[in-house]
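# Descriptive analysis of the structure
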Amino acid sequence: MLSRRRIVSWLFFGSVILLVTAWSNRDNFDSDMWIHPAVADEPRQSPVDEPEFTTHANDVDYIVRPKYRYELTGLVVSFKRFSQDYGLHKRWNDFINVADVCVVWGDNATDVDLNAFDFWNGEFTCTFSTRNETAWRRFDKNKLSNNHLITDSPRVREVIEELEVGDQVRFSGWLAEYGEPGGPFRSTSTTRTDTGDGACETVYVADMEIVGSMSTIWRHLVWLSVAGLLVSIVLWFRTPHHQLRR
């Protein structure tokens, strides 16, 4: 007959293995995921003649210069939130750029095997790669954008805090330049076809919402494995000492 100690040990180590496996696969894209119809559309932008304005973040003043009215609905493939406590953004006093969000749309969101790619955000960039030649040929590099999201809206910040890979997001505002009074200004891309330094969209976000989310078996298994770990720890400490010594 199996001892209680052995059963608890199996539960613990099995939960650890499941947690590692599920966590490493948690951002795998679901091929059967429902895609919001607006994800098929190109980003909308139109030139504006609006005056620059001043906003604030973390007691720092910033000037924002709107260039184009902008709206995008896309599938999040990677993102990076920025902290006010460390990193280049803190050193540069850039507290208004709260996150970079990399999205795809059109055929990239519906007809490409995104699991064949690796996507990741650096401090200012979104990088993607694949060893699958077929997937690379099908992928349209002009239907991906890395968006520097700047905002002074608490509601928008709350949405950004909730973001996960696989979410479908809609945000609107302005493609804009921004910077501190008297200092250098960060520019924005205004075309889908540029690459390299300066190719990211800098978006002053006035409104943002998650219009669709991804739910996969791996994400459910993450929570199941965490529950298994907690149960095994509780059972271990509740097991009588004479049983633990067997």
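As a starting point, this report considers the structure included with it. All values derive from a computational prediction rather than experimental measurement.

Here we take up the packing of helix H1 (residues 4–24) against helix H6 (residues 217–238). Where H1 contacts H6, the axes come no closer than 8 Å and their chain directions differ by 155°. Here H6 runs roughly antiparallel to H1, going by the angle between their axes. The way H1 lies across H6 gives a crossing that is left-handed.

This next bit is on the pattern of salt bridges. Between side chains of opposite charge, a pair can form as their charged atoms come close. Evaluated as defined, the whole model comprises 12 salt bridges. Two residues, Glu-177 and Lys-67, come together in a salt bridge whose shortest N-O distance is 4.0 Å. Taken together, the residues Glu-177 in strand E8 (residues 168–179) and Lys-67 in strand E3 (residues 60–81) connect sequence positions 110 residues apart. Arg-137 is the partner of Glu-133 in a salt bridge, and the nearest nitrogen-oxygen pair spans 3.0 Å. Residue Glu-133 and its partner Arg-137 are both found in helix H4 (residues 133–138); the two are separated by four residues, about one turn of the helix.

Moving on: the pairing of strand E4 (residues 97–104). Counting buried positions along E4 gives eight out of eight residues, so the element sits mostly inside the fold. Of the strand pairs in this sheet, E4 and strand E7 (residues 144–150) are connected by seven bridges, and their pairing is antiparallel. Within E7, the position partnered with Val-104 by the bridge is Leu-144.

What follows deals with H6. Taking 1.5 Å per residue, 22 residues should reach 32 Å; H6 reaches 31 Å between its end C-alpha atoms and fits that length. Burial in H6 covers these residues: Arg-219, Leu-221, Val-222, Ser-225, Gly-228, Leu-229 and Ser-232. Lining the buried residues of H6 we find H1.

On to the layout of surface pockets, then. The computed volume of the largest pocket comes to approximately 870 Å³. Those elements giving two or more residues to the lining of the largest pocket turn out to be strand E6 (126–130), E7, E8 and strand E9 (201–212). The greatest single-element share of the lining of the largest pocket, amounting to four residues, is contributed by E7. Within the lining of the largest pocket, the residues separate by chemical class into 11 nonpolar, 16 polar and eight charged. What the second largest pocket holds in volume is close to 570 Å³. Lining the second largest pocket are 25 residues, with Arg-26, Asp-27, Glu-164, Val-165 and Arg-219 positioned closest to its centre.

This next bit is on the packing of aromatic side chains. Under the definition given, this model contains 10 aromatic pairs. With 5.1 Å between their ring centres and 80° between their planes, Phe-53 and Tyr-204 make a pair best called edge-to-face. Taken together, the residues span a long stretch of sequence, with Phe-53 in strand E2 (residues 53–57) and Tyr-204 in strand E9 at a distance of 151 residues. When the ring of Phe-117 is compared with that of Phe-139, the centres are 4.8 Å apart and the planes differ by 40°; the resulting orientation is tilted. In this pair, Phe-117 is assigned in strand E5 (residues 117–121) and Phe-139 in the loop between H4 and E7, connecting sequence segments 22 residues apart. For the pair Phe-117 and Phe-139, one class covers both residues: buried. Aromatic ring contacts, followed pair by pair, group Phe-117, Phe-119, Phe-128, Trp-136 and Phe-139 into a single cluster. Sitting over the ring of Trp-23, Arg-26 keeps its end group 3.8 Å from the ring centre. The ring of Phe-185 carries Arg-65 above its face, with NZ or CZ at 3.8 Å from the centroid.

Parameters and conventions
- Residues numbered from 1 in each chain as written.
- Predicted model: local features only at pLDDT ≥ 70, side-chain atom pairs only at ≥ 80, totals over all residues.
- Heavy atoms only, no water.
- Axes fitted to C-alpha atoms, helices over the stretch in contact; angles between N-to-C directions.
- Helix = DSSP H or I, 4+ residues; strand = E, 2+ residues; numbered from the N terminus.
- Parallel < 35°, antiparallel > 145°, perpendicular 65-115°, else oblique.
- Left-handed = near helix turned anticlockwise from the far one by under 90°.
- Salt bridge = Lys/Arg side-chain N within 4 Å of Asp/Glu carboxyl O.
- Buried < 20%, exposed > 50% of the residue type's maximum accessible area, 1.4 Å probe, protein only.
- Pairing = 2+ DSSP bridges.
- Expected span 1.5 Å × (residues − 1).
- Contact = heavy atoms within 4.5 Å.
- 1 Å grid on protein atoms, 1.4 Å probe; cavity = no way out; pocket = protein on both sides within 12 Å on 5 of 7 lines; lining within 4 Å.
- Points joined across faces, edges and corners; volume = space filled by probe spheres on them.
- Nonpolar A, V, L, I, M, F, W, Y, C, P; charged D, E, K, R; others polar.
- Phe/Tyr/Trp six-rings, centres within 6.5 Å; stacked < 30°, edge-to-face > 60°.
- Lys NZ or Arg CZ within 6 Å of the ring centre and 35° of its normal.

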